[in-house]
Amino acid sequence: MATAFSFAQAALFSKTPLYLRTNALRTLTFCLPFSSSSAALASDKPRSKKWRHPVTSAALELGGVKIARDDVLRDDPTNNVPDTIFAKLGMQLHRRDQHPLGILKNAIYEYFDTNYSNTFDKFDDLCPLVSVKENFDDVLVPADHVSRSYNDTYYVDSQTVLRCHTSAHQAELLRKGHTHFLVTGDVYRRDSIDSTHYPVFHQMEGVRVFSPEDWAASGTDATSYVAEDLKKCLEGLARHLFGAVEMRWVDTYFPFTNPSFELEIFFQEKWLEVLGCGVTEQEILKRSGKTDNVAWAFGLGLERLAMVLFDIPDIRLFWSTDERFTSQFLKGQLGVKFKPYSKYPPCYKDVSFWISESFTENNLCEVVREVAGDLAEEVQLIDNFTNKKGMTSHCYRIAYRSMERSLTDEEVNKLQGTVRELVESKLKVILR
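Residue indices begin from 1 for each chain and proceed along its sequence in written order. Residue-level local features of this predicted model are given only where pLDDT is at least 70; pairs of side-chain atoms are given and counted only at 80 or more, and the full residue set underlies all totals for whole chains, interfaces and linings. Derived side-chain values reflect all non-hydrogen atoms in the structure, with water molecules and hydrogen atoms excluded from consideration.

Draft legend 1. Structural context of the overall build of the protein. Each helix is a run of H or I in the DSSP string that is no shorter than four residues. Each strand is a run of E no shorter than two, and both are numbered from the N terminus. A tally of helices and strands in the protein yields 13 helices and 16 strands. Think of it in three bands: residues with accessible area under 20% of the maximum for their type are buried, residues over 50% are exposed, and the middle band is partly exposed, with areas taken using a 1.4 Å probe on protein chains only. Scored against the burial criterion, the 432 residues of the protein give a buried share of 56%. The long-range share in the protein, meaning contacts at least 24 apart out of those at least 6 apart in sequence, stands at 69%. Looking at the protein as shown, the accessible area adds up to about 18,000 Å², and 48% of this sits on carbon and sulfur atoms. Any two residues having at least one pair of non-hydrogen atoms within 4.5 Å are treated as being in contact. In this description, accessible areas are obtained by the Shrake-Rupley approach with a 1.4 Å probe, and a residue is regarded as covered only by the protein chains that are shown.

Draft legend 2. Molecular detail of unusual backbone geometry. Residue P259 is bonded to the preceding N258 through a cis peptide linkage, with omega at 0°. Look at N118: it is not a glycine, yet its phi comes out positive at around 60°. Note that N118 resides in the loop between α4 (100–115) and β3 (121–123). Here D311, not a glycine, exhibits a phi torsion of approximately 55°, which is positive. Among the structural elements, D311 can be located in the loop between α10 (302–309) and α11 (323–326).

Draft legend 3. Spotlight on empty space enclosed by the protein. Put plainly, a pocket is an open set of points on a 1 Å grid over the protein atoms alone with protein on both sides within 12 Å along at least five of seven lines, a cavity is a set where a 1.4 Å probe fits but cannot get out, and a lining residue has an atom within 4 Å of a point. Grid points are joined across faces, edges and corners, and a volume is the space filled by probe spheres set on the points. As enumerated under the stated definition, the model contains one cavity of 30 Å³ or more in all. Around the largest cavity sit L234, L237, A238, L241, L263, V274, L275, L300 and L305, which together line it. For the lining of the largest cavity, the elements supplying multiple residues, two or more each, are α8 (222–242) and β11 (270–280). It is α8 that contributes the most residues to the lining of the largest cavity, four residues altogether. Taken together, the residues of the lining of the largest cavity break down into nine nonpolar, no polar and no charged. Gly is put with the polar residues, along with every residue not named as nonpolar or charged; the nonpolar set is Ala, Val, Leu, Ile, Met, Phe, Trp, Tyr, Cys and Pro, and the charged set is Asp, Glu, Lys and Arg.

Draft legend 4. Examining the pattern of salt bridges more closely. Here, a salt bridge means any side-chain nitrogen of Lys or Arg that lies within 4 Å of a carboxyl oxygen of Asp or Glu. A full pass over the atoms with the stated rule returns 23 salt bridges. Of the charged contacts in the structure, one is a salt bridge between K331 and D97, with a shortest N-O distance of 3.9 Å. Of this pair, K331 sits in the loop between α11 and β13 (347–354) while D97 sits in the loop between α3 (83–86) and α4, placing them 234 residues apart in sequence. Exposure remark for K331: the relative accessible area of 57% places this residue in the exposed category. Overall, the relative accessible area of 33% leaves D97 in the partly exposed class. A salt bridge links E264 to R248; its shortest N-O distance comes to 2.6 Å. Taken as a pair, E264 in strand β10 (residues 257–267) and R248 in strand β9 (residues 246–254) lie far apart in primary sequence, 16 residues in all. Accessibility expressed as a relative area gives 12% for E264, which makes it buried. One salt-bridge network, in which partners are shared between bridges, spans R95, K105, D124 and D125.

Draft legend 5. Just the layout of surface pockets, in detail. Space inside the largest pocket adds up to approximately 370 Å³. What lines the largest pocket is a set of 24 residues, among which K88, Y198, W319, G373 and D374 lie closest to the centre. Those elements that provide at least two residues to the lining of the largest pocket are α3 and α12 (361–372). Each residue belonging to the lining of the largest pocket can be placed in one class, and the counts come to 11 nonpolar, five polar and eight charged. Here the bounds of each domain stem from an automatic or database domain assignment. Per-domain counts for the lining of the largest pocket show at least three residues from each of domain 1 (60–327) and domain 2 (347–431).

Draft legend 6. Representation of the pairing of β13 within the structure. A strand pair is defined by DSSP finding two or more bridges across the two strands. Here β13 pairs with strand β15 (residues 392–400) via eight bridges, running antiparallel. Bridge pairing in β15 places C347 opposite Y400.

Draft legend 7. Expanded view of the environment of A306. When you line up the elements, A306 lands in helix α10. Residues A306 and K105, 201 residues apart in the sequence, show an inter-C-alpha distance of 9.7 Å. Contact partners of A306, with chain neighbours within four places excluded, come to L101, L104, D311, I312 and F318.

In structure tokens:
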């Protein structure tokens with residue numbers, strides 16, 4: 001749902017403003033055209049084309065849909081999904097009971113099962129390939145919104161995307177008659193490179209739909225009744241996960257809820273934003289045939305909370321297969337503190353170039369990820385200036401670091417050389 005779309009983006013990492021908050025839009029959000037076509041790089045607007053389900057002849061099966069590599073990495077001028085992203089499909093970290101994300105998901109399930117008598121339906125295996133309509137239109141994302149651009153979203157073709165948020169499934173679930181549900185899944189967006197951002201992460205959203213008889217005897221209007229129920233529910237969830245912590249509610253703005261709130265807790269000597277939520281805009285319910293109902297929704301980023309609860313310092317660790325990481329976590333043990341097993345030194349390399357009008361940092365980060373993968377720890381703008389001719393120069397510092405071993409000068413120099421070549425050829429910049 002659109003609300004959870006905003007909510008989970010807001011709750012992902014505290015330094016990241018709300019994804020759809022109109023007065024605080026990030027420029028570094030989702031993706032860039034990157035497969036085989038440079039034409040996609042030149043335009044932010046996908047071309048119209050009828051959406052179709054992926055061809056069902058594949059090794060991967062996601063949410064009952066079989067997906068082949070060619071279904072995702074298509075020879076299509078609008079396709080911008082790199083191999084590095086395709087490789088993450090089907091990994092489903094949130095479904096692994098001994099993984100921090102799976103442990104956290106199950107802890108949230110436990111809270112809802114205990115307090116709501118197993119009334120919430122749970123979905124954690126829905127296919128991440130969705131239509132543009134499901135991802136944007138069904139949740140009221142404006143036609144001209146930045147999130148629809150190639151700089152923001154991974155397009156398989158002009159009418160198919162890798163979901164940017166678990167809300168892409170909400171309209172269908174509502175139409176099918178679900179009134180209480182939790183949706184968990186891997187979501188995809190281009191983003192900056194640092195210890196708290198990754199192009200694939202995991203969200204959970206919750207939705208509860210109320211009928212007139214639910215609030216009739218309350219003596220309050222429907223919106224007030226639902227908002228109070230929402231706050232009571234989420235305060236209980238925060239206590240379940242973090243213990244007896246101080247909490248506060250912050251009024252905020254989301255396009256698809258009114259009123260809208262953020263829940264913050266005082267944890268480890270600082271205020272921490274946990275999630276966003278609100279009372280669903282009626283238009284979303286009306287489109288699903290629920291004209292007399294009122295609903296609430298919340299959304300949260302699993303990595304954000306897991307990094308705090310398990311003391312995990314780098315988001316790349318969630319993808320590690322190193323036994324020194326994976327062996328530290330057991331099913332049902334929420335909040336076991338991660339013990340760092342090593343800290344290998346970083347290697348810094350700078351790249352400077354004159355930018356073009358179409359240049360974005362998201363494009364640069366996609367190049368770096370394509371070459372270095374998870375060896376890229378951070379990409380940071382360290383200098384920029386504009387000369388008398390009006391040309392603007394950017395200098396970026398790339399930090400290379402392995403989580404498992406020391407990198408050699410030879411391999412880092414090779415990575416940096418490839419980055420420079422691709423930056424020049426794909427981003428149409430002039431190296432300095």
